[in-house]
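Structural features, examined
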Amino acid sequence: MALSPTILPAPLLPDSAAPTPRPTSVDPSLFRAYLLSLLPPVFGATREELEDSLFDDEFEERVVRFAAEGGGVVYVTKVRQDYEDDAPPTYSYHLTHQLTYTSANTTTLALIKRTPILDTLLPLPSQLHILNLFGGDETPYESLHAVVSQAVKPWFDAFVGARGGIKDGDGKMGIPMAKKKFAELELSLLHLQQNVEIPETHLVIHPVIQRAVKEAQLAGARPSISYIPAATLNDSTFLNTLQGHVNIWIKSIQSVTKLTRDVSSGTASQEINFWLSLERALEGIEAQLRSEEVNMVMECLRNAKRFHATVSFIADTGHQEATDQVHKYNQLMKDFPLNELLSATDLDKIQESLGLIFGHINKKLKLSPYPIRRALPLVEAISRDFNDQLLRVLTSHRLTYTPYETFDRLLSQTQQIFRTWDENLKEFTNVARDLTRKRQERFIPIKVQLAHMKLMERTRYLRDWRKQHEQLAVMTGPTKGLAMVGKDAGGMDMEEEVKEAYEVVKSIDVLDVSTDGTEIWVTAENAYNERVARVENQIISRLRDRLGTARNANEMFRVFSKFNALFVRPKIRGAIQEYQTQLIDSVKEDIKRLHDKFKTQYRFSEAYHMSQMRDIPPIAGAIIWAREIERQLSTYMKRVEDVLGGKDWELYAEGQKLKTESTAFRRKLDTRPVYEAWLHEISRRNMGIDGRLFEIVKINRGGYQLQVHFDPQIITLFKEVRNLLWLNFQVPHAINNMAKDAKRVYPHAVSLMETVRTYSQTLDLVEGNKGIEMLVAEYRNEAQKMVARGISLRWDFFVNAYDTHRFMPAAGLDGRENRHIAYVREFASVVSILQDKTNSLIDVYKEINRVIEELSTCPFTLEAFSDLISKVQAAIDQLNLEGYANLENWVAELDQRIEAILLQRLSRIIQIWCAEFDRVDDGDTRRETGIPRDMANKRRGDKKGSDKDKSYEGNLILKPIVHEIRIQNQVIFLDPPIEYARETWIKQLHEWLGVVCGLRRIQSSRYEIGLQMRGSSVTELTYTSLLTRLDGATLERPFALVEQKVHQVREYVAKWLQFQSLWDLEAEYVFNRLGDSLANWQQLLTEIKKTRSTFDNSDTQRTFGVCVIDYEQVQARVNAKYDAWQRDILSRFGVKLGNAMKEMHASILKARHDLEQQSIEGLMGSGGRRY
């Protein structure tokens, strides 16, 4: 059968283009015209022949049923009619819905609908698939194989390839599985046409025997000769006929049992199928030989004494021997995984199938007596199948068109497959030789002629050739610098030239290893080489230019390193030989620098310090350093090899000299003496791991220190051994065991060292912060207890702990291992807790100290003090929650420090208060008269003023208290009274003292206060008791100042209160009291004038520092009253003075008169006597 996937053109129909309404059913005449256009060229028939036999009475019914929804396919068959030998063949044509196969069917055409219902408005060719199925005398296997392999499978692969390969979604839809099924179907059809037909054997049975057996079966009895008439049994003609039938049986059976085939002539599948089919044929023969008819024939012959026909019957057929042989051979042939190879769709499956095939052969050949002389051709046949399958997979990739990465990956995988074949074939030949010797078969050379050898050589050559081409293409690309000079400079476009050279071989089949294919490849390769030769000449020219302009050898080596891929081409390699001397001198300089580097010694090199950073011990570091120098020396010598032209570089004079020098230097770089010296030193020293865990050592600055009793050299030993083993040194068993012991102890030793170091550092921290000793005392005691426990422990147990744990059952341990190892873990845990607690406590302690120091400098306000005290209390609460010991005593000491600072602040605030209270009015703008503010508001204060004045107690300001001297109902009094001033000043003093005294004390047991017993003593909660610790004079002074100020104010106010008498006295009483004495009157006037200065001025108040006496309200009234009194007294004084003057004047006048009456003589005489 074969497929014709071509869509044949539709015949031109007269009215197909005219738009007509859609009919309800297909017009059979249209289908008839279509068939008359289609079938003559396909069937080779004339229109008359088709019309005579194809279009019968049922044609229209079949067409309508096919066009409707029910039918999916209709077949047109060409049937050959019976004819005489000398007559030409005649054919008939039929349209049917059912397909049957007979040898008379020469051709069958399948018309398959592409849609459920045929649309009359669309041309029929676009709605039908046409499949040509051949028939005739031949088997359909070849045709079906051609349909699948040449049409369906390539069409499917082309469709998948057009979609860009197998995507993730396609993979899930089963495209890889579909490809595999196509390959398996193709393989199955190939096997069917390759099978060797085993002739079917049918034993001839006499009719009499058949009737007798049938009668016995009907009677339900065992067939025997009793069912044959006696006359017949003795009839010689009957017996001769039976004996003739037996002879025919022997010949027909022998035609099967003696059947064989040449294994080297066909494929491996034919060999496998031959033995499997032969076994089925022999089983069929055996079933016939055991039938009742055959047994009855043998019984008849034995009854007639014709033993020569019955005795040797089985032996003559050879059936038993053939059955045994075939059964043993089929131990190899059954489940033979050849299909895995033949259905492989990629290289991975091919490689996997080779392992399966040879694994099956090597395993089953040992069980099956299959001859080695047949196994060798079988492997050769497998090689042919392998070659064909590998060609099929590689050809599908179109190697010359694939990118280089894909090409290299495919051929690399192909080479790996060939290596897998060689490995499996080598194992097969070994098995074959062993079996030949064991079976004592005739000696034959175990040699397999591989059919894929040419393909293997071609793929290996192609890979190298493509690699050289790719290197040339890359080096001539625009990024490598060789294509800088283009056609404008007179050179060729090398990149384009290389591409054109590759185009020569791109279109040929490079995997064709036949004689014609090889000739085509050689011709194409020669054409390629001619083009590439011109490119090589251009490259040589430019390389010479670059090497000629190189300033030093390093630049030359850079050129070599950049273009070394081109040096595999002999022509280019020969062009650079003139630069050998220059480059060899450069290598000599590099080797000289290596000598200098080696002579500086490892301990003084940078590598030594880097090794210490990377924890590499000294000996291993020195060996690594020396090997690094040796590696650099090898690199330099490799440069020499590259420059001097490959493996024969030692034959050059310079090369031989460098070889000698490098060999001598390598002897100096030999690290074996260093290693042996280290071995000798380790063997000489006693580096056992024993003794106690701890030791107490005396330190230089006095005192003692705890240390771990462990030699650091032991740690170095185990690190040296570890690194030396990595460096492939054979460390002696004793030293290796010593290192293993060190490795076992190392984790515990390092843990103990780190723990002791941490313990010492923590104790130093505690010593540096004396205030926290009592808090960490409990954790420190725990650590000291652990040290006391560890003093008695020894290292010996840790060395043997591993073996004890390894060889003693877990239930048999006595707990010593857990006690020792757990000690290391517990000690580390205790010290870690001590360290954590100490570090945490130090941070808290520093914060507390800072806060306490801030108490002495913070603003003197309740908020500032309370905030700081609350911070200290919060830290104490945190310590309480964390469970620090001796917290109560520690808090008591801390409280004493706080008391001392607060006491100092208290004394200072009293001094400042006294100074502020006692300060006289100096015109300070801070003084403001008016009603004093409440002190609570004053302490909260104005925030702006607090920001401006950052002095500690500088914001203490006492506002003056204003007292008014008032008169009401002719009574002079002070408002408010002087006692109010005393009360206010004392209250202000108490409020300032209360800023400190009202603070809550810090407490160590706030979380336990609620659990105290009722009878317990209540702790003082504030700092009020600080007042009792003040100096008596300090605390008495503010009160004394208050009383002194009260006394001063009282004296001044008393003067004003004296003016009450101006309203209380009566004038007559005053006048009567003064009498007529002018002196008294004059004295009173003088005192009135003097007293007037108290109120007769421009001021309206009198300031006494923190107290102001305002007399503006009474000043005018007292002045008026005073003036009235002064006028009255002055007028009375004037009257009295006038009267006195009149009396005096009268007395004077009288005296004058009397005097004038006296004579001068009398006066003189009298006077003379008197005088």
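Chains are numbered independently. Their residues run from 1 in the order of the written sequence. Confidence filtering applies because this is a predicted model: local features only for residues at pLDDT of at least 70, side-chain atom pairs given and counted only at 80 or more, and all residues used for totals across whole chains, interfaces and linings. Processing note: side-chain calculations cover all non-hydrogen atoms of the structure and skip hydrogens and water entirely.

In this fold, Arg47 is placed in helix α2 (residues 47–53). Burial classes: relative accessible area under 20% of the type maximum marks a residue as buried, over 50% as exposed, and values in between as partly exposed (1.4 Å probe, protein chains only). Overall, the relative accessible area of 42% leaves Arg47 in the partly exposed class. Counting along the chain gives 11 residues from Arg47 to Leu36, while the straight-line C-alpha distance between them is 6.4 Å. Residue contacts are counted whenever heavy atoms from the two residues lie within 4.5 Å of one another. Those residues in contact with Arg47 that sit more than four places away from it in its chain are Leu36 and Pro40. We count a stretch as a helix when DSSP gives it H or I for four or more residues in a row; a strand needs E for two or more, and each element gets its number in order from the N terminus.

Nonpolar side chains (Val, Leu, Ile, Met, Phe, Trp, Tyr) within 5 Å and like charges within 9 Å form the patches, drawn only from residues with over 30% relative accessible area and no salt bridge. All accessibility values rest on the Shrake-Rupley procedure with a 1.4 Å probe; residue burial counts only the protein chains present in the view. Each reported salt bridge corresponds to a side-chain nitrogen of Lys or Arg within 4 Å of a carboxyl oxygen of Asp or Glu. Positive charges come from Lys and Arg alone, negative charges from Asp and Glu alone, with His and the N- and C-terminal ends not counted. By convention, the point assigned to a charge is CZ for Arg, NZ for Lys, CD for Glu and CG for Asp. Where like charges cluster on the molecular surface, the negative patch consists of Glu48, Glu49, Glu51 and Asp52. Within the element layout of this structure, Glu49 appears in helix α2. What makes Glu49 partly exposed here is its relative accessible area of 37%.

Quick look at unusual backbone geometry now. The omega torsion of the bond from Asp975 to Pro976 falls at -5°, within 30 degrees of zero and hence cis. Among the structural elements, Pro976 can be located in the loop between β8 (971–975) and α38 (978–997). Non-glycine residue Arg398 carries a positive phi angle of around 50°. Inspection of the secondary structure assignment puts Arg398 in the loop between α17 (372–396) and α18 (404–439). The exposed category is assigned to Arg398, whose relative accessible area is 52%. Look at Asn886: it is not a glycine, yet its phi comes out positive at around 55°. Considering the arrangement of structural elements, one finds Asn886 in the loop between α34 (862–881) and α35 (887–918).

Further remarks concern the side chain of Thr861. Mapping Thr861 onto the fold places it in the loop between α33 (816–855) and α34. Polar contacts here mean pairs of N or O atoms no more than 3.5 Å apart (in protein, one a potential hydrogen donor and the other a potential acceptor; neighbouring residues in sequence count only if both atoms are side-chain atoms). Within the local environment of Thr861, its side chain forms a polar contact with the backbone nitrogen of Ala864, the two atoms lying 3.3 Å apart.

Further remarks concern the environment of Tyr502. By secondary structure assignment, the location of Tyr502 is in helix α20 (residues 494–506). Its relative accessible area of 9% is what places Tyr502 among the buried residues. Separated by 22 residues in sequence, Tyr502 and Ala524 have C-alpha atoms that sit 9.4 Å apart. In contact with Tyr502, not counting residues within four places along its chain, are Thr400, Trp465, Arg466, His469 and Tyr528. Separated by 2.6 Å, the side chain of Tyr502 and the backbone oxygen of Thr400 make a polar contact.

The subject of this paragraph is the side chain of Arg62. Along the chain, Arg62 falls in helix α3 (residues 59–67). Excluding its chain neighbours within four sequence positions, the residues that come into contact with Arg62 are Asp56, Leu95 and His97.

Two rings from Phe, Tyr or Trp (for Trp, the six-membered ring) form a pair when their centres are within 6.5 Å of each other. A pair whose planes differ by under 30 degrees is stacked, one over 60 is edge-to-face, and the rest are tilted. Per the counting criterion, the structure on display carries 22 aromatic pairs. Ring centres of Phe31 and Phe66 lie 5.9 Å apart, and the angle between their planes is 55°; on these two criteria the pair is classed as tilted. Of the two residues, Phe31 sits in helix α1 (residues 28–44) while Phe66 sits in helix α3, which places them 35 residues apart along the sequence. The exposure class of Phe31 is buried, given its relative accessible area of 1%. A relative accessible area of 1% places Phe66 in the buried class. Counting every residue linked through ring pairs, the aromatic cluster contains Phe358, Phe386, Phe418, Trp421 and Phe428. Our definition puts a charge over a ring when NZ of Lys or CZ of Arg is within 6 Å of the ring centre and also within 35 degrees of the ring normal. The ring of Phe55 carries the charged tip of Arg32 above its face, separated from the ring centre by 4.2 Å. Over the face of the ring belonging to Tyr401 we find Arg398, whose NZ or CZ atom lies 4.3 Å from the ring centre.

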